[in-house]
Amino acid sequence: MPHKIYDKVAGNGLISRRYLLSIGATGIGAVASSTVLGADAGINFEIPSWSRTPGPGASAYGAPSRHTQHFQRTHGAPNATYPGGGSSRSPLQHLQGSITPNSLHFERHHAGIPDIDPSGHHLVINGLVRQPLVFNYEDLLKYEMISRVYFLECAGNSGALLRGGNEDGTAQSLHGLVSCAEWTGIPLSALLDEAGVLPEAKWLAAVGADAASMGRSIPIDKAIDDVIIALFQNGEPVMPGQGFPMRLFVPGWEGNISVKWLTQIKLTREAAQFRDETSKYSDTLHDRSSYQFTFPMGTKSLITSPSGQMSLDRPGIYQVTGVAWSGSGSIRRVEVSADGGQTWADAAIQGLQLDKALTRFTIPWAWDGGSAVLQSRAIDSLGNVQPTRDAILAERGNISTYHNHCIQSWSVNSFGEVSNVYV
Ligand SMILES: Nc1nc2c(c(=O)[nH]1)N[C@H]1C(S)=C(S)[C@@H](COP(=O)(O)O)O[C@H]1N2
Ligand SMILES: [Mo]
C-alpha cells in the first residue's frame, strides 16, 4: 500500500473520488512528454508497426478489434429435445457505459431465430376493435416513431443465486440475461387508436411468428401507456435474434412479455392464459400458492468489476463499477459496501439516470490485500430498495427462482481472487 491519506467514505477501503483526480493529473503529464516530444525528452520511443504502413480501408459493416475477441456472449449447449431453445448471455464484466452493443445483447429463444422475410410478414390487430387492421413492414416504417433507452431482463436472470452454489459464477454466467438498448418504433397506442379499441377490451394477447407459438397477455393500461412496436435497436433494424422485423417492447417488465417477431395483437376481455404466463414465469411460493403475474422487474444492481473469476493482481486502488436498473422508474442512488453490508457509501452515477434503463455507477476502492465482500444496493425513484438474498428467500423461498433481484455479494480473498458468495 502506498503511504497515502485516503478520504474514507465507508469501511474496508471505500474512498472518496477526489483521490483519483490526482492520479489522472500525473497520467496526463506523462503522456504529454512521451508523444511527439518524446525524443527531445530523452525517452526511447519506438514507432510501432501499425504507424509505419496504412491499414486496410473502410468496410461496409464494422467488426470489433481482433484484440477484443473475448467480448463474447456465452450460450448453453444445444438441447436435442428442445430445438432452438436456450439463451445467450451478455459479457457484463467486460462492458462499460450502459448501452449493450447489438451483437452482444442477450438472447432468449424458445424455438430458435426464424428467418423472416419482412415482405412476407404481417402484423394483425384484431379482436375487440372497431376496425381490424393488417400492417406490413413498409407500412409501419411510414409512421412517426419514438426512441427510448430501456433495459430488457429475462425473469430467469440471476435465478441460480436463489438455489445456491455457483462459487465459480461470473457476472455474465449468473446475471447476463440483462441488456440495454435504444429502441425505436411506433407507440402501440397509435396503432390501437387507429383500430379503435372497444370499451370491453381489458387485455391484449401478443403473439410471435416463431415456431414457439409464443404469446403473452398485457393489461390494456400498460399497452397504451408506454409499449412500443420496436423496429430499430441502437439505430439499426432490430437484430434477427431480438425479433426482426419487429418486436413488442414492454418497458420495465419481465423480458418474456416483449414478444419478438410480433405478428398478432388481439384485444380481449381476459388474459389468454398462454403457456408462458401459467406454467412458466409465474412465481410459486413456500406454501405452493403462486403469483401468476409479476410484471415489473425489481430494483436491482450488480457490480460488474471486480466480479466472479477476476483476480486483483496487487493491493491498491480499484474502480468498483457496475450497473443498476429498476422496472418501476429510474435509479436514484447506488450504495456500495466492501465489508459485506456493514457500512455503505454512495457510488457516483456515471451517465444518465433514465427511466427503466441501465445506469452505470462507480466508486474507488483501496484494496489492502485482505479479504473483502463487495456488494451494491440500488434505490429507485419510487424509493424501492434492492433487497438482500435472505429477505427474498424468507418472503418467497426458492421453489421458483424467477424475478430474483437480490443484492449480489462478490468475495475477494487475500490472493485477490473474486468469487460469488452468500452472506
Ligand atoms: N416470439 C418470441 N418472443 C419472445 C421469446 C421467444 O422465444 N419467442 N422469448 C422471450 C423471452 S423469455 C425473453 S427474456 C425475451 C428476450 O429478448 P432478447 O432475446 O431480445 O434478449 O424475449 C421474449 N420474447
Ligand atoms: Mo425470459
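From a predicted model like this one, the values you see are computed outputs, not experimental measurements.

How each quantity is defined
Residues numbered from 1 in each chain as written. Chains lettered and ligands numbered in written order. Predicted model: local features only at pLDDT ≥ 70, side-chain atom pairs only at ≥ 80, totals over all residues. Heavy atoms only, no water. Helix = DSSP H or I, 4+ residues; strand = E, 2+ residues; numbered from the N terminus. Rg over C-alpha atoms; globule rule 2.2 N^0.38 Å. Buried < 20%, exposed > 50% of the residue type's maximum accessible area, 1.4 Å probe, protein only. Lys, Arg positive; Asp, Glu negative; His and termini not counted. Charge placed at Lys NZ, Arg CZ, Asp CG, Glu CD. Pairing = 2+ DSSP bridges. Arc of directions from axis to C-beta. Contact = heavy atoms within 4.5 Å. Salt bridge = Lys/Arg side-chain N within 4 Å of Asp/Glu carboxyl O. Near = heavy atom within 4 Å. Polar contact = N/O pair within 3.5 Å; in protein donor to acceptor, adjacent residues only side chain to side chain. Areas by Shrake-Rupley, 256 points an atom, 1.4 Å probe, with all protein chains shown as cover. Nonpolar A, V, L, I, M, F, W, Y, C, P; charged D, E, K, R; others polar. Core = buried A, V, L, I, M, F, W, Y, C linked by side-chain atoms within 4.5 Å. Phe/Tyr/Trp six-rings, centres within 6.5 Å; stacked < 30°, edge-to-face > 60°. Lys NZ or Arg CZ within 6 Å of the ring centre and 35° of its normal.

Draft legend 1. Just the overall build of the protein chain, in detail. On a plain count of helices and strands, the protein chain comes out with seven helices and 26 strands. Taken over C-alpha atoms, the radius of gyration comes to 24 Å for the protein chain, in line with the 22 Å a tight globule of 423 residues would show. By its C-alpha atoms, the protein chain is 80 × 60 × 40 Å across when sized along the principal axes. Going through the 423 residues of the protein chain one by one, you find that 48% of them count as buried. Treating the 32 positive side-chain charges of the protein chain as one cloud and the 37 negative ones as another, the clouds have centres 2 Å apart.

Draft legend 2. Up close: the sheet that holds strand β20 (residues 331–337). Taken together, the five strands give an open sheet; going across it, the order is β21-β20-β24-β25-β26, and neighbouring strands pair in antiparallel fashion. Each edge of the open sheet is held by one strand with a lone partner, namely β21 (345–346) and β26 (418–421). Inspection of the sheet shows strand β24 (residues 372–380) paired to strand β25 (residues 409–412) by four bridges, in the antiparallel sense. Counterpart to L374 in the pairing with β25 is W410.

Draft legend 3. Spotlight on helix α7 (residues 389–396). Looking only at α7, the buried set comprises R389, I392 and R396. Within α7, the buried residues cover an arc of 65° as seen down the axis, which keeps them to one side. Across from the buried face of α7, at angles greater than 90 degrees, the exposed residues are A394 and E395. Elements in contact with the buried residues of α7: α3 (160–163) and β16 (283–284). Directly after α7, the chain includes G397, whose backbone phi takes a positive value near 70°.

Draft legend 4. Structural view of the pattern of salt bridges. One pass over the full model with this rule turns up 10 salt bridges. In this structure, D276 and R275 form a salt bridge, with 3.0 Å as the shortest nitrogen-oxygen distance. A relative accessible area of 41% places R275 in the partly exposed class.

Draft legend 5. Fine view of the sheet that holds strand β4 (residues 86–89). Read across the sheet, three strands follow the order β3-β4-β5 without closing on themselves; strand pairing throughout is antiparallel. This sheet does not close on itself; its edge strands, each paired only once, are β3 (74–75) and β5 (107–109). Pairing of β3 with β4 involves two bridges; the strand directions are antiparallel. Along β4, the bridge assignment pairs T74 with R89.

Draft legend 6. Representation of the site of ligand 1 within the structure. Residues in contact with ligand 1 amount to 21 residues; listed here are only the nearest, F106, H110, D210, R247 and K260. Contacts to ligand 1 include F106, whose backbone N or O atom sits 2.6 Å from an oxygen atom. Taking 530 Å² as the accessible area of ligand 1 by itself, protein coverage stands at 100%. The residue makeup of the shell around ligand 1, split by class, is seven nonpolar, nine polar and five charged.

Draft legend 7. Inspection of the nonpolar core at higher detail. In terms of nonpolar packing, the biggest core is built from 39 residues, with L14, V336, W365, L374, W410 and V412 touching the most fellow members. The element best represented in this core is strand β19 (residues 316–325), accounting for five residues. When sequence neighbours within four positions are dropped, the list of residues in contact with L14 reads D7, K8, V9, V336, S337, A338, A345, I363, P364 and W365. L133, M214, L262 and F295 belong to the second largest nonpolar core, which has 37 residues in total.

Draft legend 8. Region of the structure containing the pairing of strand β10 (residues 203–208). Burial analysis of β10 places six of its six residues in the buried class, which makes it a mostly covered element. Burial along β10 is two-sided: the face carrying W203, A205 and V207 and the face carrying L204, A206 and G208 are both buried. Across five bridges, β10 lies against strand β11 (residues 215–219) in antiparallel orientation. In the strand pairing of β11, A205 is matched with S217. Sheet topology note: the β10/strand β15 (residues 262–268) ladder contains six bridges and is antiparallel.

Draft legend 9. Up close: the packing of aromatic side chains. Inspection of every chain in the model, using the stated rule, returns nine aromatic pairs. Clustering of aromatic rings is evident, with ring pairs tying together W203, W253, F293 and F295. The lysine or arginine in question, R377, covers the ring of W344, its NZ or CZ lying 4.0 Å from the ring centre. The lysine or arginine in question, R389, covers the ring of Y422, its NZ or CZ lying 3.9 Å from the ring centre.

Draft legend 10. Structural view of unusual backbone geometry. Omega for the peptide link from F244 to P245 comes to 5°, which places this bond in the cis form. For the peptide bond that leads from S305 to P306, omega is -5°, which places it in the cis range. You can see P306 is positioned in the loop between β18 (300–305) and β19. Residue S158 is not a glycine yet carries a positive backbone phi of 65°. The exposure class of S158 is buried, given its relative accessible area of 2%.

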